[in-house]
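Reading the structure
Here's the letter readout for the chains.
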Amino acid sequence: MEATTKETNEMVSQMVRDFAERNIEPYRKEWDDEQVFPINIFKELGELGLMGILVPTEYGGSGFGYIEYVTAISELAKYDPGVGLSLAAHNSLCTNHILQFGSETQKQNWLPKLASGEWIGAWGLTEPNTGSDSANMRTIAKEDGDYWILNGSKNFITHGKSGNLAVVIVRTGEKGDSHGMTAFVIEKGTQGFYSGRKEDKLGMRSSETTELIFDNCMVHKDNILGKVGEGFIQAMKILDGGRISIAALSLGIAQGALEHSIEYSKERQQFNKPIASFQGISFKLAEMATEVEAARLLTYQAAEMKNKGEYVTKYSAMAKLYASEVAVKVANEAVQIFGGYGFTKDYPVEKYYRDCKLCTIGEGTSEIQKIVISRAILK
């Protein structure tokens, strides 16, 4: 990174830590227990410029790149991974889709509201029966004059209820045709556009996840992003950034679990000595720290390549694959270090343990990342 980027990155890091210590850490257990989506926090994150961190200043954003973005997500995830997940979904999926593929009018219309935090954005690709098989999605749109009529549903949608706007990819052509899908922007309150049930989740409980339902939903053709038939191709490009987001989220979880483990192992006494002095614990910490640093390097490498506009699919998949598996391993080891206390809600490591599992699933399972990587290296 350039010196100026390092300085900016350190500023972002410190800003997020200060904010999270005051506004997130004291409430994360309450949000987790009661599955509260803290909308007010995202309004405040908007005031800090983090809801439009990747958006150019001419559209009301901060104009930062993926290095600062990764830093913000990973720092938030140390305090509450659910908040980090929601910020990532808003920025890299919904807002970034409009930024990359919207017309100038569409950008001027929607980006300032999203970047300021006035509006919260959602993004919909997954469906109940297709999952990763998005080419066979069942949500369809039929052209009717200047409008398209949408019918179907999406599930596992972050901010599906509280979001003010959603970018959704639906089928406008034949099943299995990669050019048979189109991206639409739909504002909350549009007739025939509803949120469905809210998921009761294992982890990431402060991040809202619901269904989106389309019942003869009329969307004007001006709300199409790009051209008809480009939705799937656009989505695959957006998911490159999504993988970096999950890698950053995983990195934050792993770093948080490691830091709490180090602190606890220094304080916890057994046989009149801190448990950190025992080889069984110190070796665990050494392995955890090494793997966290390796995940950090992969994640920031993918972020730097994304900043430069380089082909990033292979490296974003590698970062997501490795960092997510490191998060699971480090969170598991953290619970072991805490012993019986790690199995209680008195300490945050049990939350890391629950939250980290999503990182091996979100934006495609670890197995899918291996398919992406193997295709790239065998090409």
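Everything that follows concerns the structure shown earlier in this document.
Quick summary incoming for the structure in this document. Please read all numbers here as calculations on a predicted model, not as lab measurements. (Residues numbered from 1 in each chain as written. Predicted model: local features only at pLDDT ≥ 70, side-chain atom pairs only at ≥ 80, totals over all residues. Heavy atoms only, no water.)

**So, helix H5 (residues 81-101)**
Across its 21 residues, H5 extends 28 Å between first and last C-alpha, which sits within 8% of the 30 Å expected from 1.5 Å per residue. Maximum bend of H5: about 40°, positioned at threonine 95. The buried count for H5 comes to 20 of 21 residues, which makes it a mostly enclosed element. One side-chain oxygen of the residue at the start of H5 lies 2.9 Å from the amide nitrogen of glycine 82, identifying that residue as aspartate 80. (Helix = DSSP H or I, 4+ residues; strand = E, 2+ residues; numbered from the N terminus. Expected span 1.5 Å × (residues − 1). Bend = angle between axes of the 7 residues up to and from the residue. Buried < 20%, exposed > 50% of the residue type's maximum accessible area, 1.4 Å probe, protein only. Polar contact = N/O pair within 3.5 Å; in protein donor to acceptor, adjacent residues only side chain to side chain.)

**Quick word on the packing of helix H9 (residues 313-338) against helix H11 (residues 366-378)**
Closest axis-to-axis distance for the H9/H11 pair is 9 Å, and the angle between their directions is 145°. Like other packed secondary-structure pairs, H9 and H11 cross with a definite hand, here left-handed. Across the interface between the two elements, Thr313, Lys314, Ala317, Met318, Lys320, Leu321, Ser324 and Glu325 from H9 touch Ser366, Gln369, Lys370, Val372, Ile373, Ala376 and Ile377 from H11. Its residues assigned to classes, the contact of H9 with H11 shows seven nonpolar, four polar and four charged. (Axes fitted to C-alpha atoms, helices over the stretch in contact; angles between N-to-C directions. Left-handed = near helix turned anticlockwise from the far one by under 90°. Contact = heavy atoms within 4.5 Å. Nonpolar A, V, L, I, M, F, W, Y, C, P; charged D, E, K, R; others polar.)

**A short note on the packing of H5 against helix H6 (residues 104-116)**
Direction vectors running N to C along H5 and H6 enclose 160°, while the axes themselves pass 9 Å from each other. Classed by the angle they form, the pair H5 and H6 counts as roughly antiparallel. For H5 against H6, the interelement crossing comes out left-handed. Of the residues in H6, those touching H5 at His90, Cys94, Thr95, Ile98 and Leu99 are Gln106, Lys107, Trp110, Leu111 and Leu114. Residue classes in the contact of H5 with H6 are distributed as six nonpolar, three polar and one charged. (Parallel < 35°, antiparallel > 145°, perpendicular 65-115°, else oblique.)

**As for H11**
Compared with an ideal rise of 1.5 Å per residue, which puts 13 residues at 18 Å, H11 spans 18 Å between its outermost C-alpha atoms and is within 8% of the ideal. Of the positions making up H11, those classed as buried are Ser366, Gln369, Val372 and Ile373. Seen end-on, H11 carries its buried residues on one side only, within an arc spanning 115°. Turned more than 90 degrees from where H11 packs its buried face, Glu367, Arg375 and Leu378 sit exposed. The inward-facing, buried residues of H11 abut helix H7 (231-267) and H9. (Arc of directions from axis to C-beta.)

**Let's talk about the nonpolar core**
In this structure, Phe42 and Leu45 are the most contacted members of the largest nonpolar core, which totals 65 residues. With eleven residues, the single largest contributor to this core is H7. Not counting residues within four places of it along the chain, the set of residues in contact with leucine 45 comprises Phe19, Leu50, Met51, Leu76, Val83 and Leu87. Membership of the second largest hydrophobic core comes to 28 residues, among which are Leu99, Leu111, Ile238 and Leu239. (Core = buried A, V, L, I, M, F, W, Y, C linked by side-chain atoms within 4.5 Å.)

**Describing the state of the cysteines**
Overall, the coordinates contain zero disulfides when judged by the stated rule. Between cysteine 217, a cysteine without a disulfide, and cysteine 94, which holds the nearest cysteine sulfur, the sulfur-to-sulfur distance is 15 Å. Cysteine 359 supplies the cysteine sulfur nearest to cysteine 356, a cysteine that is in no disulfide, at a spacing of 6.9 Å. Since its relative accessible area comes to 2%, cysteine 356 is described here as buried. (Disulfide = S-S within 2.5 Å.)

**Considering the packing of aromatic side chains**
All told, the structure shown has ten aromatic pairs when counted by the stated rule. A centroid spacing of 5.5 Å and a plane angle of 75° characterise the contact between tyrosine 66 and tyrosine 69, whose relative ring orientation is edge-to-face. Note that tyrosine 66 and tyrosine 69 are positioned in helix H4 (residues 66-79) at a spacing of three residues, about one turn of the helix. In this structure, tyrosine 66 and tyrosine 69 share a single accessibility class: buried. With a centroid separation of 5.8 Å and an interplanar angle of 75°, the aromatic rings of tyrosine 264 and tyrosine 347 are classed as edge-to-face. Highlighted residues: tyrosine 264 in helix H7 and tyrosine 347 in the loop between H9 and helix H10 (349-355), separated in sequence by 83 residues. Given a relative accessible area of 30%, tyrosine 347 falls into the partly exposed group. Three or more aromatic residues joined by ring pairs form one cluster here, namely Tyr264, Phe338, Tyr341 and Tyr347. (Phe/Tyr/Trp six-rings, centres within 6.5 Å; stacked < 30°, edge-to-face > 60°.)

Nothing here speaks to function; it is geometry throughout.
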